[in-house]
Amino acid sequence: MSPQSASPAPRTRSHRLTRRCLAALLALLVANAWAVPAQWGYGAARAAASLSISPSLASSGAAGTTQSQAHSITNNSPLPQTFNLSVESRQSWAASVSPSQVQIAPGASKSVTVQVTIPSDAPPGTLGLTTLTATNVPPAAPTSLQIRDTLLVTGTAALKVPPVQMGALVGGQRTYALTEARGTTSFLPGVQTPTAGYNGTFLGPTLVFTKEERIALSVTNNLTEVTTTHWHGLHLPGQMDGGPHQPIEPGETWRPTFTVINEASTAWYHPHPHTAEMDHATNAEMAHPMVTESGATTGHQVYAGLAGMIIIRDSASEALGLPHTYGGDEFPVVVQDRNFDADGSFSPYPEIQDRDLHKGDHFLVNGTLAGTLSAPAQMVRLHLLNGSNARFYNFGFSDSRSFYQIASDNALLNQRVSRNRVVLGPGERAEIVVDLSGAQGQTLHFLNYAAEFGPADVAPTSVDDYDQANYILFSINVAAATTNAVTTIPATLNHIARTNPNDVPLARTLTLNIPPSINGGTFEMEVVNITATLGTKEVWTIVNLSEETHPFHIHDSPFQIVSRNGAAPPEYEQGLKDTVLVHALERVVLIKDFSGYADAASPFMYHCHILDHEDKGMMGQFIIVDGRSVYLPVVTR
Ligand code: C2O
Ligand code: CU
Ligand code: CU
């Protein structure tokens, strides 16, 4: 799926082929009108089989330095060809390529070098992006191919690790307190960016919950607009879910209580408001809704900084001896993209075709630009969360070393899975364990290998430069091992039984489409779309009729993925999930479990986790009733 790559495929390429090719092939066959303009890397690569360029390079450098990035260009045609080369910097930094013309014999390759000078005033965290274009000269048929490289401006910031709240035991309940407020945060030197956070000005503390404990939270809204606080991934009663039906008005405190029944896993919390006014708002009204209460949206509140991680522990996982010293050998990795205006405030992405997607060109990890994590030379566990509004990531290390994926959204996997990439769409989580033993003194980088994406992952209608480039998200300095370091992890981690869909008689189909909609309709606060019965399971078939991937999320209990386009999902998708990527024109079958809690008056949501799609109504709601319940209409606030 990386036709621009001239080098041998990385180890997981075959997985990627099985996962993606079907959707991509389907996309090509069914939607012959992809109409991918030639400046888009993957479109051009398909059109330009007669040449290829080595993959996108991700490097870093200090402001004021000149950096070189070398590519090899291959002539795949049976005739000699001459290519003109040019390079363009997205940030208008000084950039050149030499030589500027190459003659290449059939089947041969030549190397060219791009030189980029980072201006001395470039702020750390700026992600310079250069586009190298190779165009062949007549008489050969006109073809051109582009490859995007990145250069992260380094700084001295340590990667932030959000403070942890273990909760205080009060009267048999584990209690936690969150207060949402606006403030300013410094990301760029000398600039204060207006932001919002929980117990701080950006993001929130990591809450550690333990299975079977009774939790009591207080959430105080010190914002000037309505919000809600949703516990994404937690299986709890509808009234405690923090969806659109549990508004917290400015100045109010919400006090949900519940017992943790989830297994050890990574969850998160974020706002989830949806006001009735939004159902009829125009795009222009939605553009800056933070100024009015009626326009409070999930997308804008998360973008301002309201999000935090939840780590759930349980006795079974403790017995496995996995790294679990928060901030020692275990780290949260919350990845978010942001765009900055000249005055330092966050702004929506200015140039993208679908500007409401809010994709950014700066990449924050735990709220840090170009941060460096000091991690010990041993087994290190990362809780990965894609907390971005719309962007997809293909995570991996700079040396493409393999690591173990140990958990998907809602539980440890039955077996650890060795991988060297993890794709996460907005809302998805994964836990990985990487072996850093023997690497003391080395510097590694944690990357987004987005250049490996194809049109089934990132739609031509929303693709931007950064979706076609590889880039560094943060650096890792490997320090000395700790005493009692974890040096091995078990192969078997869990015992989740797979449900056979043939044992599940109830089935329904949900279609996803663009403009953002589910089953041809959009969300309405007063309409319950699905009524399920407590204690049953249902087979849900999610059919993506659009040409872009949607991360489909369902509240309440986790689900199991049965198949993708009829094929069993890869091992790392055979565990428990609450968000699943449904690729362009793909059909994903899952089994949803309605055990746990029934409450006809407190609906749960299902929606696309691209937050602007959700805010535009790509969401529906279900209630769970027990056998004896009478249907009650939903009462809105
Ligand atoms: Cu993370 Cu309904 O949301
Ligand atoms: Cu959720
Ligand atoms: Cu979507």
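Refer to the structure above for everything that follows.
Nothing here was measured: the structure is a model prediction, and the numbers come from that model.

Colleague: Please explain the side chain of N386 as it appears in this structure.
Modeller: Within the secondary structure, N386 sits in strand β25 (residues 379-386). Engagement of the side chain of N386 in a polar contact is seen with the backbone oxygen of R391, the distance being 2.8 Å. Only 3.0 Å separates the side chain of N386 from the backbone oxygen of L424, close enough to count as a polar contact. In this view, N386 contacts W268, V335, R391, F392, Y393, L424, G425, P426, G427 and E428; residues no more than four positions away in its chain are not counted.

Colleague: What should I look at first to understand the packing of aromatic side chains in this one?
Modeller: In this description, an aromatic ring pair is defined by two values, namely the gap between the centres and the angle between the planes. In the structure shown here, the tally under the stated rule is 27 aromatic pairs. Between the aromatic rings of F209 and F258, the centroid separation amounts to 6.1 Å while the plane-to-plane angle is 65°, which identifies the pairing as edge-to-face. Taken as a pair, F209 in strand β14 (residues 206-210) and F258 in strand β18 (residues 257-259) lie far apart in primary sequence, 49 residues in all. The exposure classification of F209 matches that of F258, with both residues buried. Considering the side-chain rings of F397 and F403, the 5.7 Å spacing of their centres and the 70° angle between planes classify their relative orientation as edge-to-face. Here F397 matches F403 in class, with each residue buried. Above the ring of Y303, the side-chain terminus of R338 is found at 4.4 Å from the ring centroid. The ring of Y449 is capped by R421, whose NZ or CZ atom sits 3.4 Å from the centre of that ring.

Colleague: Sorry if this is basic, but what is going on with the coordination of the copper ion (ligand 3) here?
Modeller: Each pair of donors in an ideal octahedron of six around a metal sits at 90 or 180 degrees, and each pair in an ideal tetrahedron of four sits at 109.5 degrees. In this structure, H550 (ND1), C608 (SG) and H613 (ND1) serve as the protein donors to the copper ion (ligand 3), at separations of 2.0 to 2.1 Å. Written as a sequence motif, the donor residues of the copper ion (ligand 3) are H-x57-C-x4-H. Of this pair, H550 sits in strand β37 (residues 550-554) while H613 is found in helix α6 (residues 611-615), placing the two residues 63 residues apart along the sequence. Judged by relative accessible area, H550 falls into the buried class, the value being 0%.

Colleague: Any chance you could explain the sheet that holds strand β29 (residues 422-424) here in plain terms?
Modeller: Backbone hydrogen bonds are what pair the strands of a sheet, in a parallel or an antiparallel way. Taken together, the five strands give an open sheet; going across it, the order is β24-β32-β31-β26-β29, and neighbouring strands pair in mixed fashion. In this open sheet, the two edge strands, each paired with only one partner strand, are β24 (372-376) and β29. Averaged over all neighbouring strand pairs, the angle between strand axes comes to 30°, with direction disregarded. Where strand β26 (residues 393-397) meets strand β31 (residues 443-449), three bridges bridge the pair, whose relative direction is antiparallel. Of the residues in β31, the one forming a bridge with F395 is N448.

Colleague: Got a minute to help me understand the pattern of salt bridges in this structure?
Modeller: For the structure on display, the rule yields 22 salt bridges. For E330, the salt bridge goes to R381, with nearest N and O atoms at 3.6 Å. Of the two residues, E330 sits in strand β21 (residues 330-338) while R381 sits in strand β25, which places them 51 residues apart along the sequence. Accessibility classification places E330 together with R381 in one group, the buried group. Residues R564 and E586 are paired through a salt bridge, measuring 2.9 Å at the closest nitrogen-oxygen approach.

Colleague: Is there a simple way to think about the coordination of the copper ion (ligand 2) in this case?
Modeller: Coordination of the copper ion (ligand 2) by the protein involves H230 (NE2) and H553 (NE2), with metal-donor separations of 1.9 Å. Placement of the pair is H230 in strand β16 (residues 230-232) and H553 in strand β37, with a sequence separation of 323 residues. Among the residues examined, H230 registers a relative accessible area of 1% and is labelled buried. The exposure class of H553 is buried, given its relative accessible area of 1%.

Colleague: Looking at this structure, how should I read unusual backbone geometry?
Modeller: Backbone phi values are negative for most residues with the exception of glycine, while trans is the configuration of most peptide bonds. For the bond from S98 to P99, the omega torsion is -10°, close enough to zero to count as cis. Cis rather than trans, the peptide bond between P138 and P139 has omega equal to 10°. Along the chain, P139 turns up in the loop between β8 (127-136) and β9 (144-153). Phi at A370 takes a positive value of approximately 50°, unusual for a residue other than glycine. Within the secondary structure, A370 sits in the loop between β23 (368-369) and β24. Residue A370 is classed as buried on the basis of its relative accessible area, which comes to 9%. Positive phi, normally seen in glycine, also occurs at S400, with a value near 55°.

The rules behind the values
Residues numbered from 1 in each chain as written. Chains lettered and ligands numbered in written order. Predicted model: local features only at pLDDT ≥ 70, side-chain atom pairs only at ≥ 80, totals over all residues. Heavy atoms only, no water. Helix = DSSP H or I, 4+ residues; strand = E, 2+ residues; numbered from the N terminus. Polar contact = N/O pair within 3.5 Å; in protein donor to acceptor, adjacent residues only side chain to side chain. Contact = heavy atoms within 4.5 Å. Phe/Tyr/Trp six-rings, centres within 6.5 Å; stacked < 30°, edge-to-face > 60°. Buried < 20%, exposed > 50% of the residue type's maximum accessible area, 1.4 Å probe, protein only. Lys NZ or Arg CZ within 6 Å of the ring centre and 35° of its normal. Donors = N, O, S within 2.8 Å, 3.2 Å for Na, K, Ca; no water. Pairing = 2+ DSSP bridges. Axes fitted to C-alpha atoms, helices over the stretch in contact; angles between N-to-C directions. Salt bridge = Lys/Arg side-chain N within 4 Å of Asp/Glu carboxyl O.

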